[in-house]
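Results of the structural survey
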Amino acid sequence: MTMFVPKVKLNNGQEIPAIGLGTWKSTPEKVTQAVKDAIDIGYRHIDCAFAYGNEEQVGAAIAAKISDGTVKRNDLFITSKLWNTFHRPGIVESAIRNTLKSLDLDYLDLYLIHWPMGYKEGNDLAPVGPDGNIEASDYDYVDTWTAMEEIQKKGLAKSIGISNFNSRQIERLLEKAKIVPAVNQVECHPFLNQRPLIEYCNLKGIKITAYSPLGSPGRSGIKSEDPVLLTDPRLEAIAKKYNKSPAQIAIKYQIQKGNIVIPKSTTKSRIQENFNVFDFDISVEDISVIDTFNINLRLIQPWGSSSHKYYPFNEEF
Ligand SMILES: NC(=O)C1=CN([C@@H]2O[C@H](COP(=O)(O)OP(=O)(O)OC[C@H]3O[C@@H](n4cnc5c(N)ncnc54)[C@H](OP(=O)(O)O)[C@@H]3O)[C@@H](O)[C@H]2O)C=CC1
Ligand SMILES: O=C1CO[C@H](CO)[C@@H](O)[C@@H]1O
């Protein structure tokens, strides 16, 4: 029996399952089984990106689960993202077509601009310039957005959105946009709860997808002095009270805030655990307690990009 999963309504009426499976750092060897397991468990939303280097293997799982009759294409919600080296408006369509080919799909449910920062075009996903930093391109994300609008008009993606955009960048984008982004996908967890950005996006009709909702444990870029979300004693105490794990509390926290959440795992028992969050609610009082954990701890910082003209994290939100 498949568990009922709440959906979040986007500004164009499309509905997105509130929980999806993340796939960053899911190795090509493991991701096919992980996505198959997730679909068997009841996930209907998969978060992908060209930059994760595993879209073909994700696509193989989707094809297998459609061909064995577990799901139909329109039961699934598949997101992917335009990488920074493809910001030139003239190549946006070929970038999504390339992703669709890898995923073995003829449309995406949601296509996001992965970052507001364009990088130098070419085969290198992280081109390094003479100064040792990322080599930027001059493309303005506002013009890239116009090309994204064409993608939606052509039916290659049912919805379009953004990722890692700050409020000023959204404001600027909205001055020219004909289509309001459906989603802004950003880092969001109790140590970085993004309250001001969420309030801003709510006013504009933009939903938030929370990435790294578990604090991305074990990722190599995390500093040893950074606090670890899943072993925080205050989160552990709340988890114990509900007879749930800290990961389940961190996931349900996002869902109760009205956000979409995309925990990653390639471990079947954790894929299941992360999905088992619909048989309880965190009380309003405990949600307020978790709100106090915020320390604006940003764990995901793109390497070598902090001097980019469109680096998003110098603004307050
Ligand atoms: N738009 C963007 O710029 C970004 C988007 N993302 C998206 O968000 C997704 C999630 O973020 P991500 O950074 O991967 O981090 P998460 O916060 O989802 O953490 C993933 C890590 O937690 C482990 N884990 C999963 N479930 C549990 C559990 N129940 N108990 C203990 N450990 C657990 C996983 O291990 P294991 O797999 O070994 O089980 C993995 O190491 C990404 O995969 C990607 O799809 C992420 C970063 C940036
Ligand atoms: O989604 C993400 C994870 O992978 C990318 C690069 O490999 C990151 O830049 C990005 O934030």
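Details of the structure are given in the entry above.
In short, a report on the structure. In this text the structure is predicted, and so the values were computed from the model without any measurement.

**Structural notes on the overall build of the protein chain**
Counting its secondary structure elements, the protein chain contains ten helices and ten strands. Its C-alpha atoms give the protein chain a radius of gyration of 19 Å, within 12% of the compact-globule value 20 Å for 317 residues. With the C-alpha coordinates of the protein chain rotated into their principal frame, the extents come out at 55 × 45 × 35 Å. Residue burial in the protein chain is summarised as follows: out of 317 residues, 55% are buried. Put simply, of all contacts in the protein chain between residues at least 6 apart along the chain, 74% involve residues at least 24 apart.

**Remarks on the sheet that holds strand 4 (residues 45–47)**
Note on sheets: strands pair through backbone hydrogen bonds, and any given pair is parallel or antiparallel. Across the sheet, which stays open at both edges, the eight strands sit in the order 3-4-5-6-7-8-9-10 with parallel pairing between neighbours. Edge positions in the sheet fall to strand 3 (21–22) and strand 10 (260–261), since each of these pairs with one other strand and no more.

**Points about the state of the cysteines**
Scanning all chains against the criterion turns up zero disulfides. With no disulfide of its own, Cys188 has Cys201 as its nearest cysteine by sulfur position, at a separation of 11 Å. We classify Cys188 as buried; its relative accessible area is 1%. Judged by relative accessible area, Cys201 falls into the buried class, the value being 0%.

Definitions and limits used
Residues numbered from 1 in each chain as written. Chains lettered and ligands numbered in written order. Predicted model: local features only at pLDDT ≥ 70, side-chain atom pairs only at ≥ 80, totals over all residues. Heavy atoms only, no water. Helix = DSSP H or I, 4+ residues; strand = E, 2+ residues; numbered from the N terminus. Rg over C-alpha atoms; globule rule 2.2 N^0.38 Å. Buried < 20%, exposed > 50% of the residue type's maximum accessible area, 1.4 Å probe, protein only. Contact = heavy atoms within 4.5 Å. Pairing = 2+ DSSP bridges. Disulfide = S-S within 2.5 Å.

Keep in mind these numbers describe shape, not what the thing actually does.
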